[in-house]
Amino acid sequence: MQQAILERPATREATEPTGPRSGRRSTLGAKDRTFGFMIALPAVLLFLVIAIYPLVSSIGTSLYDQSLLTPDRTFVGFDNYVAIFGEFMARLGTTLTFATLATIFPVLLGVALAVLLNARLRGRNILRGTLMLPWLLPGVVVSFLWAWIFNDSYGVLNHLLTMVGLPEVSMLGNPTGAMAAVVIAKTWHSFPWIMVVALSVLQTLPAEQLEAATIDGATRSQRFRYISLPHIVGPVALVATLEFIYNFGNFDTIFVMTGGGPGDSTTTLAVSLYQLAFGSYELGKASAMGVLWLILLAIISSAYLLLNRRLEKR
């Protein structure tokens, strides 16, 4: 009897959480969910207004023959896609050329400077701050700066060439020179942030590994190839992929410096879409090109996310 009396409070206490306390927990959970939804609601509405609505509207406009000059529009189905597909493929080649070159050179320059600044160099802190200046400037300012440098009539480049007795060059007046000019401008603007990423990764490399390799007789190039490079290749690959996505949609550099010329030699997808919408006023065709461009960017972004996940699992 005494043992049953002693066990009775424990039994009552054990069965207590299934009563009112469980109801209180479910009530608090519902309140938390409602509170979280109310906090997220403004951001969701803003996302719908800024991103989803223009996307749906562009897809709808791509199915119509619509112009900025007239308020009327006519449903044409996929005729706009058929009409601009040839131009889309032509501009895609130019876009891939620019995006690839404007990614490779900043990565090479950024990694090289990161290795240099990671060494015991006098005044390296001043150099780090100075080399960050191009990244702090807006893209339009950088584009105007390099357009002034490469100008055929009064550019700094031709002035310097004349001073040393060399013939002048027309960077912006021929297709090859124009592409080289925009790539140089984008490289100068982009290399600092790649340098910062590579430098930050190099500084996490244990000094003991480098010291052990030095004691074993490894040269500087061998230490970089077998120790430093494998350590930074993952983060640099992610940065390079992200930089390629940025360059694939770049507009200000090319539009300010060349306007897509000479001819169509530097007309990328971004410039071509602008010309269709605000040059020819063909909103339907411009929207169709934008939808195709969006699909291609979605594929590239998916590849970036897949690469990021694989590197995170390592």
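All of these numbers come straight from a predicted model, not from anything done at the bench. (Residues numbered from 1 in each chain as written. Predicted model: local features only at pLDDT ≥ 70, side-chain atom pairs only at ≥ 80, totals over all residues. Heavy atoms only, no water.)

## A few points about the overall build of the chain
Helix and strand counts for the chain come out as 13 helices and two strands. Here the C-alpha atoms of the chain give a radius of gyration of 29 Å, more than 25% beyond the 20 Å that 2.2 N^0.38 yields for 314 residues. Overall size of the chain, expressed as C-alpha extent along the three principal axes, is 115 × 75 × 30 Å. Buried positions account for 33% of the 314 residues belonging to the chain. For the chain, long-range pairs separated by at least 24 residues make up 67% of all intrachain contacts whose partners lie at least 6 apart in sequence. Computing the positive centroid from 22 side-chain charges and the negative centroid from 18, the chain places the two 13 Å apart. (Helix = DSSP H or I, 4+ residues; strand = E, 2+ residues; numbered from the N terminus. Rg over C-alpha atoms; globule rule 2.2 N^0.38 Å. Buried < 20%, exposed > 50% of the residue type's maximum accessible area, 1.4 Å probe, protein only. Contact = heavy atoms within 4.5 Å. Lys, Arg positive; Asp, Glu negative; His and termini not counted. Charge placed at Lys NZ, Arg CZ, Asp CG, Glu CD.)

## Focus: a nonpolar patch on the surface
Nonpolar side chains collect at one region of the surface, where Val44, Leu45, Phe47, Leu48, Ile52, Leu55, Val56, Ile59 and Leu294 lie side by side and expose about 730 Å² of accessible area between them. Mapping valine 56 onto the fold places it in helix H2 (residues 20–61). (Patch = residues over 30% accessible without salt bridge, like charges linked within 9 Å, V, L, I, M, F, W, Y side chains within 5 Å. Areas by Shrake-Rupley, 256 points an atom, 1.4 Å probe, with all protein chains shown as cover. Salt bridge = Lys/Arg side-chain N within 4 Å of Asp/Glu carboxyl O.)

## Regarding the UniProt feature "domain: ABC transmembrane type-1" (unreviewed entry) in the chain
Under the feature "domain: ABC transmembrane type-1" (unreviewed entry), the UniProt entry names residues 92–304. Overall, residues 92–304 shows 76% helix and 0% strand. The separation of its end C-alpha atoms is 19 Å. (UniProt positions renumbered as here; feature names shortened; annotations may be inferred.)

## Structural notes on the packing of helix H8 (residues 175–202) against helix H10 (residues 220–248)
Relative orientation of the contacting elements H8 and H10 amounts to 150 degrees, with a least axis distance of 10 Å. As judged from the angle between their axes, H8 and H10 are roughly antiparallel. In the crossing of H8 with H10, the sense of the turn from one axis to the other is right-handed. Contacts between H8 and H10 pair Lys186, Ser190, Trp193, Ile194, Val197, Ala198, Val201 and Leu202 from the former with Ser228, His231, Ile232, Pro235, Val236, Val239, Leu242, Glu243, Tyr246 and Asn247 from the latter. In terms of residue class, the contact of H8 with H10 is built from 12 nonpolar, four polar and two charged. (Axes fitted to C-alpha atoms, helices over the stretch in contact; angles between N-to-C directions. Parallel < 35°, antiparallel > 145°, perpendicular 65-115°, else oblique. Left-handed = near helix turned anticlockwise from the far one by under 90°. Nonpolar A, V, L, I, M, F, W, Y, C, P; charged D, E, K, R; others polar.)

## Considerations on the side chain of asparagine 80
Within the fold, asparagine 80 resides in helix H3 (residues 79–118). Reaching out from asparagine 80, the side chain makes a polar contact with the backbone oxygen of serine 62 at a distance of 2.9 Å. From its side chain, asparagine 80 meets the backbone oxygen of tyrosine 64 in a polar contact 2.7 Å long. Those residues within four positions of asparagine 80 in sequence are excluded, and the remaining contacts are Thr61, Ser62, Leu63, Tyr64, Asp65, Gly284, Lys285 and Ala288. (Polar contact = N/O pair within 3.5 Å; in protein donor to acceptor, adjacent residues only side chain to side chain.)

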